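# Structural overview
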Amino acid sequence: MDIPLGDGKAIVLPPIPYTIAIIIIIFLLVRWAKKLETKKIRILFYFLISTYVLPVYTSSSEEGYFQLFIPIGFIFILLHLKTSKKYHHSKLKASILGFSLAVYQIVLPYI
């Protein structure tokens, strides 16, 4: 969506479904951060780290290339939460939300 400002300048906004998804993600992260007593910014870090995907295998052919990704950030966060003494369910919820975004990143090139 473009909002013209004049003189050939415009504000370019992302599509409506992406904007709605971003608003929902921010709303959920703020809501879960309120449940923590201290260091509420950690919810954002758990979310961001769990969205990281890593290509493990790459193969190219005449038709194109294939990459196999794994959500290594989510695996790292799960291992951290399992061994941590300061477990909180809001941290797990934020990492699962990040995992869903990582799955979206993995599936997106194949659609």
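Below or above, wherever it landed, is the structure these notes cover. (Residues numbered from 1 in each chain as written. Predicted model: local features only at pLDDT ≥ 70, side-chain atom pairs only at ≥ 80, totals over all residues. Heavy atoms only, no water.)

## A closer look at the overall build of the protein
Within the protein, the regular secondary structure consists of four helices and four strands. For the protein, the succession of helices and strands along the chain, N to C, is β-β-α-α-β-β-α-α. For 111 residues, the compact-globule formula gives about 13 Å, and the C-alpha radius of gyration of the protein, at 18 Å, lies well above that figure. Viewed in the frame of its principal axes, the protein has a C-alpha envelope of about 55 × 45 × 20 Å. Within the protein, the proportion of its 111 residues that are buried is 24%. The long-range fraction of contacts in the protein, counting pairs at least 24 apart against all pairs at least 6 apart in sequence, stands at 50%. Taking the 12 positively charged and 5 negatively charged side chains of the protein as two groups, their mean positions are separated by 29 Å. (Helix = DSSP H or I, 4+ residues; strand = E, 2+ residues; numbered from the N terminus. Rg over C-alpha atoms; globule rule 2.2 N^0.38 Å. Buried < 20%, exposed > 50% of the residue type's maximum accessible area, 1.4 Å probe, protein only. Contact = heavy atoms within 4.5 Å. Lys, Arg positive; Asp, Glu negative; His and termini not counted. Charge placed at Lys NZ, Arg CZ, Asp CG, Glu CD.)

## Points about the environment of L44
The topology assignment puts L44 in helix α2 (residues 42-50). Judged by relative accessible area, L44 falls into the partly exposed class, the value being 35%. Between the C-alpha atoms of L44 and A33, which are 11 residues apart in sequence, the distance is 8.3 Å.

## Some details on the packing of helix α1 (residues 16-34) against helix α4 (residues 89-107)
Interaxial distance between α1 and α4 falls to 9 Å at its minimum, and their mutual angle equals 160°. In this view, α1 runs roughly antiparallel relative to α4, as classed from their interaxial angle. Here the hand of the crossing between α1 and α4 comes out left-handed. Across from Y18, I25, L28, L29 and W32 in α1, the residues of α4 making contact are S90, K93, A94, L97 and Y104. The residue inventory of the contact of α1 with α4, partitioned by class, reads eight nonpolar, one polar and one charged. (Axes fitted to C-alpha atoms, helices over the stretch in contact; angles between N-to-C directions. Parallel < 35°, antiparallel > 145°, perpendicular 65-115°, else oblique. Left-handed = near helix turned anticlockwise from the far one by under 90°. Nonpolar A, V, L, I, M, F, W, Y, C, P; charged D, E, K, R; others polar.)

## A short note on α1
Two residues of an α-helix separated by three or four positions point the same way, owing to the 3.6 residues in each turn. With 19 residues, α1 extends 27 Å from end C-alpha to end C-alpha; this agrees with the ideal 27 Å at 1.5 Å per step. Turning to α1, the residues buried within the fold contact α2 and α4. (Expected span 1.5 Å × (residues − 1).)

## Things to note about the pairing of strand β3 (residues 54-61)
Summarising the sheet, β3 and strand β4 (residues 64-70) pair through seven bridges and their orientation is antiparallel. Of the residues in β4, the one forming a bridge with T58 is Q67. (Pairing = 2+ DSSP bridges.)

Structural measurements only, silent on function.
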